[in-house]
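A structural walkthrough
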Amino acid sequence: MEDRIKKILFNEYNLNVEKLTLLEGGFRPDEIYLLITVDQMKYVVKYIEYNHSLEHLQSILIFENILHDLYKYPCPKIILSINKQLFIFDNQRCLFVQTFIQGIEPNREIIDKNNSYLHQMGSLLAQWRIASSHYSLNIHFNEEDQELTEKWWNKQQINNIDPFLLSNVIECKEYFRNLNVNFQHGLIHNDFHTNNSIITNDEKIYIIDFVDACQSVFISDLGTSLFHLLIDKHNGEHRAKTFLEGYQQILKLTLEEKDALHKFVQFKLTMSIIADLNASCDLNEPFIQSCFDLLKKLKNNSTLVNNLLE
């Protein structure tokens, strides 16, 4: 695998590899690498399986570079190949190269040290939304790549799942089907939470891992961010409230978005549990258990999320 990647990097990017080190993360264990060239430049190389159209991946990587170059958004920049390509399709995988960001993934101590980290994270998600609302006006997405469409629902692996999860899926699907409010749509990150951020030595926050991005209503992104924070039983509600304050300092939610936010948290949490179980099949895994506990809490307290907005 590494020899194949080195050959692509030389032939397509004119990059001479001194060292290629496998990094943790990714859907598969052999997808992400740290590249050090002979002239000591560092890059991140991703060699991923991609389940959507190549046009969809192209639109995501274009947006990432627009964010970086035009909006000065703190994220990696995609490096173009010799032929000005954003990625190379090879062996049923997509390879792309991006700038390396020196930093660490924030731990509990960093997050809880003060409120600024999560406040900034909320602000960055709102800034993403503003940039995406302009970008998405000129982009056409296939229906199967648009979250909550019938084609999207048909692609979801929701057969033979836990009855409690199934009841949540059905409830959320019916809610969205009957929801007549015209929410603002655009390209969402779709996995925006602290594990997909990096903090540098000068305490600047960078957002990473764009490849799960899809077309959806913007508050669906908030649903993902909030459930990841609310999982913490001791400090989750405070964290989520801080994140929302940062978001709304940049962009105020509409009354309709506030009313629907609880259901989007429930929806994104439910689909995350299903995806994790499809990957691991371990109901006793601590993270999955925490997700189940939060889902039950959301079902029993329909005002939990709305109270965060007060």
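For clarity, every value in this text was computed on a predicted model and none was experimentally measured.

Points about the domain arrangement of the protein
The assigned domain composition of the protein is domain 1 (1–100) and domain 2 (104–308). The centre of domain 1, based on its C-alpha atoms, is set 26 Å off from the matching centre of domain 2. Across the boundary between the two partners, domain 1 contributes 21 residues, which contact 26 residues of domain 2. When domain 1 packs against domain 2, close to 1,900 Å² is buried across both sides, 67% of that on carbon and sulfur atoms. In terms of surface lost to domain 2, no three residues of domain 1 exceed Phe63, Tyr73 and Pro74, which account for 34% of the buried area on that side. For the interface between domain 1 and domain 2, the tally reads one salt bridge. Note that Lys46 is salt-bridged to Asp209, the shortest N-O span being 2.4 Å. Scanning the region where domain 1 abuts domain 2 turns up five residue pairs in polar contact (both at pLDDT 80 or more). Looking at the side of domain 1 that touches domain 2, the elements that each hand over two or more residues are strand S3 (42–48) and helix H2 (54–69).

Section: the pattern of salt bridges
Under the defined criterion, the tally for this structure stands at 15 salt bridges. In this structure, Arg4 and Asp90 form a salt bridge, with 2.7 Å as the shortest nitrogen-oxygen distance. Taken together, the positions of Arg4 in helix H1 (residues 2–13) and Asp90 in strand S5 (residues 88–90) put the pair 86 residues apart, joining distant regions of the chain. Taking the relative accessible area as the measure of exposure, Asp90 reaches 16% and is therefore buried. Glu174 is paired through a salt bridge with Arg177; the nearest N and O atoms lie 2.9 Å apart. Taken together, the residues span about one helical turn, with Glu174 and Arg177 both in helix H6 (residues 163–177) at a distance of three residues. Classification of Arg177 by relative accessible area gives partly exposed; the value is 45%. Bridged by salt links that share partners, the residues Arg108, Asp112, Asp232 and Arg239 form one connected network.

Focus: the packing of aromatic side chains
Taken as a whole and assessed by the stated rule, the structure comprises 12 aromatic pairs. Chaining the aromatic ring pairs together yields one cluster made of Trp152, Trp153, Tyr175, Phe176, Phe183, Phe264 and Phe267. Stacked on the ring of Tyr175, the Lys or Arg Lys263 has its end atom at 5.5 Å from the ring centre.

Some thoughts on unusual backbone geometry
A negative phi angle characterises most non-glycine residues, just as the trans form characterises most peptide bonds. With phi around 80°, Leu148 is a residue other than glycine that occupies positive phi space. Judged by relative accessible area, Leu148 falls into the partly exposed class, the value being 21%. One non-glycine residue with positive phi stands out, namely Asn190, at about 75°.

Focus on the environment of Asp221
Mapped onto the fold, Asp221 is located in helix H7 (residues 219–230). For Asp221, a relative accessible area of 2% puts it in the buried group. In the structure, Asp221 is positioned 34 residues away from Leu187 in sequence and 9.6 Å away in space, judged by C-alpha atoms.

Observations concerning the packing of H6 against helix H9 (residues 255–280)
For the pair H6 and H9, interaxial distance at closest approach is 10 Å and the crossing angle is 140°. If you check the angle between H6 and H9, you find them oblique. Handedness of the crossing formed by H6 with H9: left-handed. Seen from H6, the contacting residues are Leu165, Asn168, Val169, Glu171, Cys172, Tyr175 and Phe176; seen from H9, they are Asp259, Ala260, Lys263, Phe264, Gln266, Phe267, Thr270, Met271, Ile273, Ile274 and Leu277. For the contact of H6 with H9, the class distribution of residues is 12 nonpolar, three polar and three charged.

Points about the packing of H2 against helix H4 (residues 116–135)
H4 packs onto H2 with a crossing angle of 125° between their chain directions and a minimal axis gap of 11 Å. Considered as vectors, H2 and H4 are oriented oblique to each other. Handedness of the crossing formed by H2 with H4: right-handed. Where H2 approaches H4, its residues Ser59, Ile62, Phe63, Ile66 and Leu67 are matched on the opposing element by Trp128, Ala131, Ser132 and Tyr135. For the contact of H2 with H4, a count of residues per class yields seven nonpolar, two polar and no charged.

Some words on the UniProt feature "domain: Aminoglycoside phosphotransferase" (unreviewed entry) in the protein
According to UniProt, the positions carrying the feature "domain: Aminoglycoside phosphotransferase" (unreviewed entry) are residues 20–248. Taken end to end, residues 20–248 has its terminal C-alpha atoms 41 Å apart, with 38% of it in helix and 18% in strand.

Some points on the nonpolar core
Judged by nonpolar contacts, the single largest core of 76 residues is most densely connected at Leu261 and Ile273. Here this core takes 10 residues from H9, the largest share from any one element. When residues of this core are assigned to domains, at least three map to each of domain 1 (1–100) and domain 2 (104–308). In terms of nonpolar packing, the next biggest core, distinct from the first, is built from 14 residues, Leu9, Tyr43, Tyr47 and Val97 among them.

Rules and cut-offs
Residues numbered from 1 in each chain as written. Predicted model: local features only at pLDDT ≥ 70, side-chain atom pairs only at ≥ 80, totals over all residues. Heavy atoms only, no water. Domains from an automatic or database assignment. Contact = heavy atoms within 4.5 Å. Buried area = accessible area lost by both parts, 1.4 Å probe. Salt bridge = Lys/Arg side-chain N within 4 Å of Asp/Glu carboxyl O. Polar contact = N/O pair within 3.5 Å; in protein donor to acceptor, adjacent residues only side chain to side chain. Helix = DSSP H or I, 4+ residues; strand = E, 2+ residues; numbered from the N terminus. Buried < 20%, exposed > 50% of the residue type's maximum accessible area, 1.4 Å probe, protein only. Phe/Tyr/Trp six-rings, centres within 6.5 Å; stacked < 30°, edge-to-face > 60°. Lys NZ or Arg CZ within 6 Å of the ring centre and 35° of its normal. Axes fitted to C-alpha atoms, helices over the stretch in contact; angles between N-to-C directions. Parallel < 35°, antiparallel > 145°, perpendicular 65-115°, else oblique. Left-handed = near helix turned anticlockwise from the far one by under 90°. Nonpolar A, V, L, I, M, F, W, Y, C, P; charged D, E, K, R; others polar. UniProt positions renumbered as here; feature names shortened; annotations may be inferred. Core = buried A, V, L, I, M, F, W, Y, C linked by side-chain atoms within 4.5 Å.

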